[in-house]
Protein chains: 2
Amino acid sequence: MTRQERAALTREALIRAAAAEFERQGYASATLSAISAEAGVSPGALHFHFENKAAVAAAVEHEASALLRRTARSVYGQRSNALQNLTDTSHALARLLREDVVVRAGFRLSCAQNGRTDLNLRQEWHSCVRQRLAEAADEGLLTPDTGRQRDLARTVVAATVGLETLCGDNGAWLSAETVTGLWRALLPLLADPRALTGLDPSGTPAAHAPAPAPAPTGGGPAHPVAAGPGPAR
Amino acid sequence: MTRQERAALTREALIRAAAAEFERQGYASATLSAISAEAGVSPGALHFHFENKAAVAAAVEHEASALLRRTARSVYGQRSNALQNLTDTSHALARLLREDVVVRAGFRLSCAQNGRTDLNLRQEWHSCVRQRLAEAADEGLLTPDTGRQRDLARTVVAATVGLETLCGDNGAWLSAETVTGLWRALLPLLADPRALTGLDPSGTPAAHAPAPAPAPTGGGPAHPVAAGPGPAR
């Protein structure tokens, strides 16, 4: 293993340890000494990678954001229609939030007031919902009662954001079963009856594929979760 | 004004100043000196009332809880039916959260992990929703498709909790208009078609009455938001 590879592994271990510490203690009470101890590295090694606690938190946010965006793009690439894609995307992101402490901690850090970065992953999700619903309208999938579409879009945003909040009390709120139940309740409100029969509230295989690996170059512009050829945010 | 009355006013000013400071800075970063300065009292006066920051935060939580519970009980006392009461209660609590910094800060403090008290106002709201929906089932108001009731209850909890979370980004998420839109979307899912025509998603006058004053004795047992003659939580 080269020195560069070892450094990358140490950095990754520090990010994961920091996420666990932020989740347990909250950002303000987390300490750098607890993070380096949990990662099994010296305080000096931590300071080689990160100047201070804010820099570690920013790295957690950026890693969470990268994984959420990459997953959303991957699910979007396998889309059948916009409503199924919205359902599938919510399942895929819920699984990341359930399974990956970096995603959970990064999501919450990015949503906090006095943010350390200009990320807000809750607002990106909100944009994603609005974009998919606009695409669904273009595809003729939505209930013909267009006067209700604003109420319905807000209800979908609120209900999905609420699941993430409630997951802080009890992880079952982001289980596949709960997310499926939410779409079983909401899809009949959203979809035109002819479109409804083709929709699977439990998600298609696109929703349940493993999270995609990062692009080998690691470069390129950052794409928000809402990325896709739909209308601009 | 008696010495006792002056002390009560000072305590109230400190609770309000603390709520504003917690909302701006977060609990961990808030300082007692900023709280006493904002309340216009000396640090010594603060320490006469509160031993430390945790004691001030507990007082904010208890005051928020008392006002939310009192309001929920008052709306419950004017109930016509359980679904309208749920709608009315959400409007009344949303208004308190919009208008009163002590309610907002106390609600959030009570929901934080590592809570300083055994309150969790989000869980009380959750119980309130489940209790009202159980009453609505008893009253024959719900859609006859009982297999969907668990999905629907979770969706209502998630969507209302989501509005409170989103309000941290933008207060309009708890506006009367947004809450009304949520019920315009959700009541047709929940209600039997015969019951639906009698329901007002914008709330009846019971939802918009001023918050009730505390009982003069200030005593008696604490009642959760879900209080009412319905089934036990």
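Criteria and cut-off values
- Along every chain, residues carry numbers that run from 1 in the direction the sequence is written.
- Following the order in which they are written, the chains are lettered starting with A and the ligands numbered starting with 1.
- Residues qualify for local features only when their pLDDT is at least 70, as the model is predicted, and side-chain atom pairs are given and counted only at 80 or more; totals for whole chains, interfaces and linings, by contrast, use all residues.
- Derived side-chain values reflect all non-hydrogen atoms in the structure, with water molecules and hydrogen atoms excluded from consideration.
- Only DSSP runs of H or I reaching four residues or more are called helices, and only runs of E reaching two or more are called strands; each is numbered from the N terminus.
- Note on exposure labels: buried denotes an accessible area under 20% of the residue type's maximum, exposed denotes more than 50%, and partly exposed covers the range between, all computed with a 1.4 Å probe on protein chains only.
- Contacts are residue-level and defined by heavy atoms, with any inter-residue pair within 4.5 Å sufficient.
- The accessible surface values rely on the Shrake-Rupley method and a 1.4 Å probe; as for residues, cover is taken only from the protein chains in view.
- All tallies of charge rest on Lys and Arg as positive and Asp and Glu as negative; His and the ends of each chain are not included.
- For the purpose of locating charges, the reference atoms are NZ of Lys, CZ of Arg, CG of Asp and CD of Glu.
- Confidence of the predictor at the level of single residues is given by pLDDT, which spans 0 to 100.
- Salt bridge, as used here, is a side-chain nitrogen of Lys or Arg placed within 4 Å of a carboxyl oxygen of Asp or Glu.
- What counts as buried area is the accessible surface, traced by a 1.4 Å probe, that two parts surrender upon association, with contributions from both included.
- We define a polar contact as two N or O atoms separated by no more than 3.5 Å, with the added condition that, inside protein, one atom must be a possible hydrogen donor and the other a possible acceptor, whereas residues neighbouring each other in sequence contribute only through side-chain atom pairs.
- Gly is placed with the polar residues, together with every amino acid not listed as nonpolar (Ala, Val, Leu, Ile, Met, Phe, Trp, Tyr, Cys and Pro) or charged (Asp, Glu, Lys and Arg).
- Each copy is superposed on the other by least squares, with the fit set by C-alpha atoms of residues at a pLDDT of at least 70 in both.

1. Remarks on the overall build of chain A
Each helix and strand counted, chain A has eleven helices and zero strands in total. The N-to-C order of helical and strand elements in chain A reads α-α-α-α-α-α-α-α-α-α-α. The dimensions of chain A, computed from C-alpha atoms along their principal axes, are 60 × 35 × 30 Å. Scored against the burial criterion, the 233 residues of chain A give a buried share of 52%. Within chain A, residue pairs in contact and separated by at least 24 positions form 73% of the contacts whose partners lie at least 6 positions apart. Counting every atom, chain A has about 10,200 Å² of accessible surface; 54% of that belongs to carbon and sulfur. Across chain A, 24 positive and 23 negative side-chain charges occur, with their mean positions spaced 2 Å apart.

2. Some remarks on the confidence of the model for chain A
Residues and elements named next belong to chain A. Looking at chain A as a whole, the pLDDT averages 89, with 91% of positions reaching at least 70. For chain A, per-element mean pLDDT is lowest for helix H11 (residues 205-208), which scores 91, and highest for helix H2 (residues 32-39), which scores 97. Scored below 50 in pLDDT, residues 218-222 shows one contact in the model against residues more than four places distant or in partner chains. As a predicted assembly, this complex carries a pTM of 0.88 together with an ipTM value of 0.87.

3. Comments concerning the environment of valine 161 of chain B
On the secondary structure map, valine 161 of chain B appears in helix H8 (residues 149-167). In this structure, the C-alpha to C-alpha distance between valine 161 of chain B and histidine 126 of chain B, residues 35 residues apart in sequence, is 8.5 Å. Contact partners of valine 161 of chain B, with chain neighbours within four places excluded, come to Gly162, Thr165 and Leu166 of chain A together with Arg122 and Trp125 of chain B.

4. Quick look at the pattern of salt bridges
All chains considered together, the criterion is met by 30 salt bridges over all chains. The closest approach of N and O atoms between aspartate 151 of chain A and arginine 184 of chain B, which form a salt bridge, is 2.6 Å. Here aspartate 151 of chain A, found in helix H8 (residues 149-167), pairs with arginine 184 of chain B, found in helix H9 (residues 176-190), and the two come from separate chains. Assessed through its relative accessible area of 40%, arginine 184 of chain B is described here as partly exposed. Residues joined in a network through salt bridges with shared partners are Arg79, Arg132, Glu135 and Glu139 of chain A.

5. Some points on the interface of chain A and chain B
Taken together, the 36 residues of chain A in the interface contact 36 residues of chain B. Contact between chain A and chain B buries roughly 2,800 Å² in total, counting both sides, with carbon and sulfur atoms accounting for 52%. Connecting chain A to chain B are eight salt bridges. Across the chain A-chain B interface, the total number found is seven residue pairs in polar contact (both at pLDDT 80 or more). For the side of chain A that touches chain B, the secondary-structure elements that each account for two or more residues are helix H1 (3-25), helix H7 (121-138), H8 and helix H9 (176-190) of chain A. The leading source of residues in the side of chain A that touches chain B is H8 of chain A, at 13 residues. When the residues that make up the side of chain A that touches chain B are grouped by side-chain class, the tally is 14 nonpolar, twelve polar and ten charged.

6. Structural notes on the relation of the copies chain A and chain B
Rotating chain A by 180 degrees and moving it 0.0 Å along the rotation axis overlays it on chain B with an RMSD of 0.0 Å. Taken together, these values place the two copies in the relation of a two-fold axis. Of the interface residues in chain A, 100% have counterparts in chain B that sit at the interface too, so the contact is made through matching surfaces.

7. As for the environment of proline 205 of chain A
Tracing the sequence through the fold places proline 205 of chain A in helix H11. Separated by 130 residues in the primary sequence, proline 205 of chain A and valine 75 of chain A have C-alpha atoms spaced 9.5 Å apart.

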